Amino acid sequence: MTDTSLVLTDRAISALPYAVSGQYFARDQELPGFAVLVGKRKKTFVVQGDIRKDGQRQSVRLKVANDA
């Protein structure tokens, strides 16, 4: 499944289908950098941001929590 973008609410997250193979991101349309990583068995909340130093950019992604 390809990455998707939607308003992430409890209902929308619950309705996301688990990945058949691999993982995909469901990114929030209202809060940049916030997403849910959907795998075969669990959904993980993640935040992502960019760090700029000496003219170079590096993306940093942190796991916030797993869906129980």
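One structure accompanies this document, and this report is about it. Everything numeric here is computed off the predicted structure, so don't read it as measured data.

Attention now moves to the overall build of the protein chain. For the protein chain, the helix and strand inventory stands at one helix and five strands. The order of α-helices and β-strands along the protein chain, N terminus first, is β-α-β-β-β-β. Out of the 68 residues in the protein chain, the part that is buried amounts to 28%. As displayed, the protein chain has an accessible area near 5200 Å², and 49% of this comes from carbon and sulfur atoms.

Moving on, we get to a positive patch on the surface. Together, Lys40, Arg41, Lys42 and Lys63 make up a region of like positive charge exposed at the surface. For Arg41, the location among the structural elements is in the loop between β3 (34-38) and β4 (43-53).

Attention now moves to the side chain of Asp28. Along the chain, the position of Asp28 falls in strand β2 (residues 24-28). One buried charge, Asp28, has no salt-bridge partner; the nearest side chain with opposite charge is Arg27, at 11 Å. Side-chain polar atoms of Asp28 contact the backbone nitrogen of Leu8, separated by 3.5 Å.

Right, let's talk about the sheet that holds β4 for a bit. In a beta sheet, neighbouring strands pair by backbone hydrogen bonds and run either parallel or antiparallel. With mixed pairing, five strands are arranged side by side in an open sheet as β1-β2-β3-β4-β5. In this open sheet, the two edge strands, each paired with only one partner strand, are β1 (4-6) and β5 (56-66). Geometrically, the sheet is characterised by an average inter-axis angle of 30° between neighbouring strands, direction not taken into account. In the sheet, β2 pairs with β3 via four bridges, with the strands oriented antiparallel. Directly across from Ala26, in β3, lies its bridge partner Val36.

Moving on, we get to the environment of Phe34. Inspection of the secondary structure assignment puts Phe34 in strand β3. The spacing of Phe34 and Thr9 is 25 residues in sequence and 12 Å in space, taken between C-alpha atoms. If we ignore the near neighbours within four places in the chain, the residues touching Phe34 are Leu8, Arg27, Asp28, Phe45, Val46 and Val47.

A word on the side chain of Thr44. Within the secondary structure, Thr44 is located in strand β4. Discounting residues that sit within four places of it in the chain, Thr44 has contacts with Ala35, Val36, Leu37, Lys63, Ala65 and Asn66.

Cut-offs and rules
- Residues numbered from 1 in each chain as written.
- Predicted model: local features only at pLDDT ≥ 70, side-chain atom pairs only at ≥ 80, totals over all residues.
- Heavy atoms only, no water.
- Helix = DSSP H or I, 4+ residues; strand = E, 2+ residues; numbered from the N terminus.
- Buried < 20%, exposed > 50% of the residue type's maximum accessible area, 1.4 Å probe, protein only.
- Areas by Shrake-Rupley, 256 points an atom, 1.4 Å probe, with all protein chains shown as cover.
- Patch = residues over 30% accessible without salt bridge, like charges linked within 9 Å, V, L, I, M, F, W, Y side chains within 5 Å.
- Salt bridge = Lys/Arg side-chain N within 4 Å of Asp/Glu carboxyl O.
- Lys, Arg positive; Asp, Glu negative; His and termini not counted.
- Charge placed at Lys NZ, Arg CZ, Asp CG, Glu CD.
- Polar contact = N/O pair within 3.5 Å; in protein donor to acceptor, adjacent residues only side chain to side chain.
- Pairing = 2+ DSSP bridges.
- Axes fitted to C-alpha atoms, helices over the stretch in contact; angles between N-to-C directions.
- Contact = heavy atoms within 4.5 Å.

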